[in-house]
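Residue-level structural notes
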Amino acid sequence: MTKITGTDLADHLDALLEVDAFPPPESFAQAALWNDPAIYAEADADPEGWWDRHARALHWDEPWHTVLDWSDKPFAKWYLGGKINASYNCVDRHVEAGNGDRVAFYWRGEEGEERAITYAWLLEQVQRAANALTSLGVGPGDVVGIYLPMIPEVVVAMLACARIGAPHNVVFGGFAVEAVGERMAESEAKVLITVDGARRRGKTVPVKREIDHTLGTLPSMAHLLVVRHTGTECPMTAGRDVDWDQALAAADPLAPATPFDAEHPLFILYTSGSTAKPKGILHTTGGYLVGTAYTTKYLFDLHPETDVFWCSADVGWITGHSYIVYGPMLNGATSVMYEGAPDYPDRATWWSTVERYKVSIFYTAPTAIRACMSWGAEEPNKHDLSSLRLLGSVGEPINPKAWLWYHQIIGGGTCPVIDTWWQTETGQIMISPIPGITAAKPGCAMRALPGISAEVVDNAGNPIAEGQGLLVLRRPWPGMLRTLYKDPKRFVASYWSRFGPDTYVVGDAARLDADGDIWILGRTDDVINVAGHRLSTAEVESAIVSHPKVAEAAVVAKDDEITGQAIVAFVTPVEGTDTDAMDQEIRDHVAEHIGKLARPKRIIWTYDLPKTRSGKIMRRLLRDIAAGRELGDVTTLRDPAVTDRLRTLIADRRDSED
Ligand code: WT7
């Protein structure tokens, strides 16, 4: 195919904006696992029968007697009576079927190092790690924290926990150690699996040393298991800290996989809600495995013998859990795992990785696509991307232009693009085009998958025929969260109260078009989505106000060309503070408390925050000010002059670098 660049490319993409929808190429549809639209009606006619059938793709030690028990709604139970082991299904099963030599992960390090991780190697490592955890006193139900970079050991660690029924609590490596501490304390983790150091864009972060400062005070934390990755010196506390390599070498190589109840907890993953306190999303075993195995196979049209799958997310997010670890491994897939960032060591890294491993299915986030787009088509055009046959997007709405760029430049105009909508809470993809069936509209998540019921409703909860409303999910699905860890009341209040216990309220606004297709518009609550990372305004505000020179802070989102949304913080200093040159101090402070991902892009210092007469900060106005829009209704303001002063303040402010 001729590669187009420069103004020709811009014209080409502009012309494509006129195209309503892109049907799958005939050859793709013909060979696809799913190519008959009748599956929607089939699943709808008998959802439980559908989920019964798809659960049979896994190995169960004991069959279930009841597919779904919804009698105690909204607390669902799936595959009751069934017994299953997650790690057995991800690893042992493939080795027993004679596929031990199959590569599970082509791992590529930041400096270009490579490791080919086979299913057989994983089986041995997972068993040894399971025994190492057992010997540290970890048993079924005990929470194990995992704070590791993108290295194969993170997969071993997760599956070792699953093998012995110890729910893992993975914290994204980009979070600060303080956030790790908070999540460990909340979940009362007994052991934390971490690393000597992590590499970030050529620099080494001394993770273990940083962790020591935070974790010393956690009463429940009995041991740290330390993977040696960078060779960074770190103190090891005798009796508490254990070297991963030594522990695995000393461990028995055999650890039979114990069958657990289908509803045994598999993991907790903390995500941001509307308050400063993160929510511990609890997923259990049977249903989650069914949901991720099903979506990985059929949506990504996965042929494990021939495909090479690459989900570029970090394993510390739900996308990594479901589509780097569990979904692909349950299907015996070969995946790519990359340690670094898309622009390190250079902007060609991703495309040389696709070329090198002949990646056929690529799954990434709109923010990354937009960043690549801003770097130009030259780099991807220099590489042979012809192995690609399917592209996916996740995490935030994808604008049609980025969709088209992805489709044309990365997919050469021949790969279907699936815009997959889901959440940490849903565990599995819920709304998406089906690559062998759907004529996808750029920017549109299209339809709920077979077996899933999504609707757009008005403020009273009534379905609307067309137009804008709230996205809800009407019936339970196997991969759904079961509760919030140790906080069932918040679980009910957050998701199942507004329209009763039969309706899961997503927290996103959506538009239903005349064809009945769903366009996701974004969050309706105080959750900000920066580069596909979910953050709560309250969490960022509480980090900012913990700075000694800050009296008050209000955080809002502003549209951003690359990251989708960016954080703007309105900050009131303590009287008499000289705020010149204090922006960086605040940004560093946030990085230290939450992580770099939560740093405000812009800080606006002000002694005035627009408040209602009852003293509530009017975020709506702040959002208008941050976006430079005409202000909406200001009649309820305590002091209307405040907004004028704020507006002049931001006129000539620039965003912070990096
Ligand atoms: C929120 C969930 C699911 C993995 C990554 C994020 C937004 C997610 C899409 C999409 C528009 C999307 C929603 C959702 N979102 N996918 N395809 N189109 N928006 O997981 O951190 O739990 O965030 O991400 O707002 O509610 P998460």
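This is a predicted model, so every value here is computed, not measured.

A word on the site of the ligand
Asp419, Thr420, Thr424, Arg523 and Arg534 are the nearest of the 17 residues found near the ligand. Within the backbone of glutamate 396, a nitrogen or oxygen atom sits 3.3 Å from a nitrogen atom of the ligand. The separation between an oxygen atom of the ligand and a polar side-chain atom of glutamine 423 is 3.0 Å. Protein contacts shield 96% of the accessible area of the ligand, which totals 560 Å² for the unbound molecule. Elements that contribute at least two residues to the shell around the ligand include exactly helix H12 (318-330), strand S20 (417-420) and strand S25 (518-523). Residues of the shell around the ligand, tallied by class, amount to six nonpolar, six polar and five charged.

Remarks on the domain arrangement of the protein
Here the domain parsing of the protein yields domain 1 (6-82 + 280-522), domain 2 (118-258) and domain 3 (526-657). The C-alpha centroid of domain 3 is placed 32 Å from the C-alpha centroid of domain 1. On the side of domain 3, 10 residues touch domain 1, which itself brings 10 residues to the contact. Taken over both partners, the interface formed by domain 1 and domain 3 buries close to 750 Å², and the fraction arising from carbon and sulfur atoms is 48%. Considering only the side of domain 1, the residues that lose the most area to domain 3 are Trp317, Thr367 and Arg370, jointly responsible for 55% of the buried surface there. Put simply, arginine 534 and glutamate 425 hold a salt bridge, and the shortest N to O gap is 2.7 Å. On the surface where domain 1 and domain 3 come into contact, there are five residue pairs in polar contact (both at pLDDT 80 or more). Classifying every residue of the side of domain 1 that touches domain 3 gives two nonpolar, five polar and three charged.

A closer look at the sheet that holds strand S16 (residues 308-311)
Pairing within the open sheet is mixed, and its seven strands lie in the order S5-S4-S17-S16-S18-S19-S20. The outermost strands of the open sheet, each flanked by one partner alone, are strand S5 (114-118) and S20. Neighbouring strand axes in the sheet, compared pairwise and without regard to direction, differ in orientation by 20° on average.

So, the sheet that holds strand S14 (residues 265-271)
Overall, mixed pairing links the eight strands, which are arranged S12-S11-S8-S6-S7-S14-S15-S23 in an open sheet. Each edge of the open sheet carries a strand with a single partner, namely strand S12 (241-243) and strand S23 (483-484). Note: strand S15 (residues 279-284) against S23, two bridges, orientation antiparallel. By the bridge assignment for S23, leucine 282 is matched with threonine 483. Across the sheet, helix H11 (residues 285-299) is in contact with S14 and S15; its angle to S14 comes to roughly 70°.

Things to note about the side chain of threonine 353
Mapping threonine 353 onto the fold places it in helix H13 (residues 349-357). Exposure remark for threonine 353: the relative accessible area of 0% places this residue in the buried category. Reaching out from threonine 353, the side chain makes a polar contact with the side chain of arginine 108 at a distance of 2.7 Å. In this structure the side chain of threonine 353 is engaged in a polar contact, spanning 2.7 Å, whose partner is the backbone oxygen of threonine 349. Residue contacts for threonine 353: discarding those within four places in its chain leaves Arg108, Trp310, Val336 and Val359.

Quick notes on the rules
Residues numbered from 1 in each chain as written. Predicted model: local features only at pLDDT ≥ 70, side-chain atom pairs only at ≥ 80, totals over all residues. Heavy atoms only, no water. Near = heavy atom within 4 Å. Polar contact = N/O pair within 3.5 Å; in protein donor to acceptor, adjacent residues only side chain to side chain. Areas by Shrake-Rupley, 256 points an atom, 1.4 Å probe, with all protein chains shown as cover. Helix = DSSP H or I, 4+ residues; strand = E, 2+ residues; numbered from the N terminus. Nonpolar A, V, L, I, M, F, W, Y, C, P; charged D, E, K, R; others polar. Domains from an automatic or database assignment. Contact = heavy atoms within 4.5 Å. Buried area = accessible area lost by both parts, 1.4 Å probe. Salt bridge = Lys/Arg side-chain N within 4 Å of Asp/Glu carboxyl O. Pairing = 2+ DSSP bridges. Axes fitted to C-alpha atoms, helices over the stretch in contact; angles between N-to-C directions. Buried < 20%, exposed > 50% of the residue type's maximum accessible area, 1.4 Å probe, protein only.

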